[in-house]
Amino acid sequence: MRGWRSFFFGFALAASLTGAAIYGLDRLDRAYPPLLKNARLVSQELVDADGNLLRAFATPDGRWRLQTTAAEVDPQFIKMLIAYEDQRFYDHHGVDIQALGRSSWQLLTNGRIVSGASTLSMQVARLIEPRVDRSFSAKFRQMLRAVQIERRLSKDQILELYLNIAPYGGNIEGVRAASLAWFGKEPRRLDTAEAALLVSLPQLPEKRRPDRFPGAAKEARERVLQRLAVARVVGEGEAERASAAAVPRDRLGLPALAPHLAQAARTKFPRQHVIGSTLRRGIQSELEALARHAADKIGDKVSVAIVMADSTTGDILADVGSADFLDSSRRGWVEMSRAIRSPGSTLKPFIYGLAFENGLVSQETIIEDRPADFSGYRPRNFDMQYQGDVSIRQALQLSLNVPAVKLLDAVSPAALMVRFRRASVSLALPKSEPPGLAIALGGAGVSLVDLVQLYASLANQGQPVKLGDGVRNKPEVLDVEPIFSRSAIWNITDTLSGVLPPLGMKQRGIAYKTGTSYGYRDAWSVGFDGRYVIGIWVGRADNGSVPGIAGYATAAPILFDAFAKSGVAITPFAATPSGVTRLSYSDLPANQRRFTTTASGLLSASRRESSPVIVYPPEGARVELSDSLGALSPLVLKLQGGRAPFRWLANGKPLPDLTRRRSNEWTPEGQGFSTLTVIDADGRASSVRIFVQ
C-alpha cells in the first residue's frame, strides 16, 4: 500500500508541476506574444487589370517587401528551400529536436558548429526580432519565439511569412522582390539556378549580394545544389547544369509604370496594400517608352501625354501623364493628361456632327472658305491661306477654320455645349462669358482625358461613356441620349477615316483629328477605330511655346505609332446605318447643295441679333400626339427671330415648302425622339430634340 501511495503522490505532484508549468508558459505566452504585426507590413502596390505589378512603393522603413503567397512561387523553389533549410518542417513544433541534438554533438566533438539546427520557424522568429548577439540565451529566446509562432500560425502561414520577410541584400526582402530585383521576373517560374540562388542568399544576404560579391553568391548557390536532399528534388544531372549558369551581376529596378496614376491611387486608398487598376501593363509600358522617345526627338523641355481607352467599357487602358516622371527639365511630375489646355481644332468634328444631324449639310455640300467677319471676329486658317469653295468633307479633313466657325454660328455654341454635357464633359471657359464662336478654334480649355472621353462617344456609335479614373473597376454608365444620331456619327467617322496618314505612315483603319493651339503651345491628335480611342498631347508643362510643333506633323505620327505599339487589333467601324449613304453633289436636295450665310459671306451685327429660335416645342419636351386609335395628329411649330423665308427639317429631312410664316405644322412618322430644325434666309439655324408619344 505504501508503494502505491508513493506512486500516486509522485504522479499527482508531477501532474501539478506540469500543469503549473503549462499554465505559467501559457500566461507568459499571452503576456509576451511574438511581434507578428510588424512582419505583415508590406509594400503598397498598383496592379493592372490582370493583376500584374505596375508600380510598388517602399515600406515606411524604406524596404521593398512585396506580398506573395506560396501558390505564387515556383513549387520547385519551395521544395528546395525546405530540403535545404528544414527537412522536417511539417513534423516539428517550431524546434527540431533531432537537428538540435545533432548540432550539439557536432559542437562537442568538433569544437565548432558543423551544421545548424535553425528551423524555418526559428528563422522567422529571428527576422521578426533580430538578435544583437549570437549567445546561447539569444538562441534559446529564438526557440521560445518559434514555439509561440507555431501555436498561432499554420505551417503554410509560417512558410508564407518567411517568403515575405527573408532578406536578400540591401533593402530587398521577400522572394518576390528578390526575383524581380535579380532576375526581372515574378517568382512563378524559376529555373533551377535561380531557385538555388534565392535559397542561398538569406543566410548572409549582404556578403552574398550578386551585384557586389558574385563569387560568394555563386559559391553559396553551389552549396545548395550539392546538398543531397536538394539534388533529389531537382533531379539527376540538373544540379550540374544549373552550376554552369551565370550569376546576375546587376540589381534591376522594380516595375515603376504609371507613376502619376500610382500616386493618385495611393492617396485615394492609403490603407489598401494592393490597388487594382484598369490599365494593361504591356500597353502602358510600350506607350511610356513611346512618349519618352518622342519627347527626346522633339526637343528639350517638351513633354508628351498619351491616354488610351476602351469606348465600350470606359476603361482607361494606358495613362501616360508625361514623357518622364523623373525628368525635371520637362517637369515630368506634372500630369499633363489631366491638365487643362487649349484643344486647337480637335473639337471641330462635333460642330460638323451637329450640322449633319440638323440636316444643314451633307458631306458634299459646298461651303465657302473665304475671309469672313462675325461681328468683329475674323478667323483665319492655320496657313493664312483660303481654299475658296470646298465640300464639307474637304473642309473637315483639311481642318479649315472659316467653314467650322460658319457652321458653329449656324448651330450655336450653346447647342454644342449641350452635346458635350451629354458626354459628361464641361469646357473651361472665361469667367462670366457665354460660349462663343472661338470654341471652334480652341478658345476653351479641356484635358486630354476629357477629349478622349468625347471621342469615345464617336467610337461607341454615339453613346456617351464616362471614362473611369484608371483605378475604379467599374466606370460610370451614362444613361443619356446619344451625343449625335447614328447618321451624323457615320458621317463624322467616314470623313475623318479619309484623312491622309502622316508622312511616312501607313493607313491603319482609324479615324483621327489633329489640332494646334495658338502660339504653338499644344499639339494634339485623337484617333479611334470601332472600339479603342487614343489621344496624344505634345507641348511644354510650363505652357511655353514650342516653335514648329503642329498636330498633323508632330502629334499624329505619335498617334499612329501608339496604335501600332499598343498591340490591339484594329476594330472595324460599325456598319453604315440603314438608309444612310454619301450622296454625290448632283444627288443632294437643293437646300443642301450649298451652305451660305449671306450672299457676301459677311454678317452684320444687327442681323445677327435676330437669329431664329424655336419657341415651341421647347427642347426636351414630351409631346402627346396619339389619339384613341393610335394615329398621330400634327404638331404646331413656332419660332421667333430670323429672316424669312424659313426651311423646316424633321430628323434631317426638309418639310415640303419654304415658308415666310413663323409657324408651321409637322406630322411625325412615329413615336420616339425627333430633332426639329429651322434655317432662316441667312443660313442661321435653331434645333430642338423632343419625344413624341
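It should be emphasised that the depicted structure is a prediction, and the values quoted were computed from it without experimental measurement.

1. Side note on the packing of helix α5 (residues 120-128) against helix α7 (residues 155-165)
Contact pair α5 / α7: the axes reach a minimum separation of 10 Å and the direction vectors enclose 45°. When the axis of α5 is compared with that of α7, the two are oblique. The chirality of how α5 crosses α7 is left-handed. Contacts from L120, S121, Q123, V124, L127 and I128 in α5 reach I158, L159, L161, Y162 and I165 in α7. Taken together, the residues that form the contact of α5 with α7 break down as 9 nonpolar, 2 polar and no charged.

2. Re the pattern of salt bridges
In this structure the tally under the stated criterion is 31 salt bridges. With a shortest N-O distance of 2.8 Å, D296 and R330 are connected by a salt bridge. Separated by 34 residues along the polypeptide, D296 in helix α14 (residues 281-298) and R330 in the loop between β7 (316-320) and α15 (348-357) bring together distant segments of the chain. Given a relative accessible area of 7%, R330 falls into the buried group. For D327, the salt bridge identified is with R330, shortest N-O distance 3.1 Å. In this structure, D327 and R330 share a single accessibility class: buried.

3. Describing the packing of helix α3 (residues 75-85) against α7
Direction vectors running N to C along α3 and α7 enclose 100°, while the axes themselves pass 13 Å from each other. Accordingly, the angle class assigned to the pair α3 and α7 is roughly perpendicular. Each of F77, I78 and L81 in α3 lies in contact with α7, whose residues at this interface are L159, Y162 and L163. When the residues that make up the contact of α3 with α7 are grouped by side-chain class, the tally is 6 nonpolar, no polar and no charged.

4. Overview of the sheet that holds strand β21 (residues 685-692)
The strand order across the open sheet formed by 5 strands is β15-β21-β20-β17-β18, and the pairing between neighbours is mixed. Strand pairing shows two members of the sheet lacking a second neighbour, β15 (622-623) and β18 (653-654), which therefore form its edges. Here strand β17 (residues 647-650) runs beside strand β20 (residues 672-679); their pairing, made up of 4 bridges, is antiparallel. Note on β20: the bridge partner recorded for W648 is V678.

5. What about the sheet that holds strand β1 (residues 44-47)?
Taken in spatial order, the 3 strands of this open sheet run β2-β1-β5, and their pairing is mixed. The open sheet has two free edges, formed respectively by β2 (53-57) and β5 (274-276), since each of these has just one partner strand. Each neighbouring strand pair of the sheet contributes to a mean axis angle of 20°, computed without reference to strand direction. Pairing geometry for β1 and β5, over 3 bridges, is parallel. Paired with L46 across the two strands is I275, which belongs to β5.

6. Some points on the packing of aromatic side chains
A full pass over the atoms with the stated rule returns 8 aromatic pairs. Ring centres 4.9 Å apart and planes at 70° place the aromatic pair F89 and Y90 in the edge-to-face group. Relative accessible area serves as the criterion here: at 0%, F89 is assigned to the buried category. Overall, the relative accessible area of 48% leaves Y90 in the partly exposed class. With 6.1 Å between their ring centres and 75° between their planes, F528 and F573 make a pair best called edge-to-face. Linking F528 in strand β11 (residues 522-528) with F573 in the loop between α21 (551-566) and β13 (594-595), this pair joins segments that are 45 residues apart in sequence. Taking the relative accessible area as the measure of exposure, F573 reaches 28% and is therefore partly exposed. Here R55 stacks its cationic end above the ring of F325, 5.9 Å away from the centre of that ring. Lying over the aromatic face of Y585, R593 brings its terminal NZ or CZ to 5.8 Å of the ring centre.

7. Side note on α5
Taking burial as the measure, the 9 residues of α5 include 7 buried ones, the bulk of the element. Among the residues of α5, L120, S121, M122, Q123, V124, A125 and I128 are the ones counted as buried.

8. Description of the environment of L287
Considering the arrangement of structural elements, one finds L287 in helix α14. Measuring from C-alpha to C-alpha, the distance between L287 and V320 comes to 7.1 Å, with 33 residues separating the pair along the chain. The contacts of L287, once residues within four sequence positions are left out, are I306, M308, A318, V320 and A562.

9. Thoughts on the pairing of strand β16 (residues 635-640)
Here β16 shows a buried face lined by L635, L637 and L639 and an unburied face lined by V636, K638 and Q640. With 3 bridges connecting them, strand β14 (residues 613-616) and β16 associate as antiparallel partners. The partner of I614 across the bridge, within β16, is L639. Of the pairings in the sheet, the one linking β16 to strand β19 (residues 663-666) comprises 4 bridges and is antiparallel in character. By the bridge assignment, L635 is partnered in β19 with W666.

10. Concerning unusual backbone geometry
Here the residue pair Y616 and P617 is connected by a cis peptide bond, since its omega of 0° sits within 30 degrees of zero. Position of P617 among the secondary structure elements: in the loop between β14 and β15. Here the bond from A644 into P645 is cis, since omega is 0°, no more than 30 degrees from zero. Note that P645 resides in the loop between β16 and β17. Despite not being glycine, K301 shows a phi value in the positive range, around 65°. Topologically, K301 is positioned in the loop between α14 and β6 (303-310). K301 sits in the partly exposed class, given a relative accessible area of 44%.

Here is what the cut-offs are and how they apply
Residues numbered from 1 in each chain as written. Predicted model: local features only at pLDDT ≥ 70, side-chain atom pairs only at ≥ 80, totals over all residues. Heavy atoms only, no water. Axes fitted to C-alpha atoms, helices over the stretch in contact; angles between N-to-C directions. Helix = DSSP H or I, 4+ residues; strand = E, 2+ residues; numbered from the N terminus. Parallel < 35°, antiparallel > 145°, perpendicular 65-115°, else oblique. Left-handed = near helix turned anticlockwise from the far one by under 90°. Contact = heavy atoms within 4.5 Å. Nonpolar A, V, L, I, M, F, W, Y, C, P; charged D, E, K, R; others polar. Salt bridge = Lys/Arg side-chain N within 4 Å of Asp/Glu carboxyl O. Buried < 20%, exposed > 50% of the residue type's maximum accessible area, 1.4 Å probe, protein only. Pairing = 2+ DSSP bridges. Phe/Tyr/Trp six-rings, centres within 6.5 Å; stacked < 30°, edge-to-face > 60°. Lys NZ or Arg CZ within 6 Å of the ring centre and 35° of its normal.

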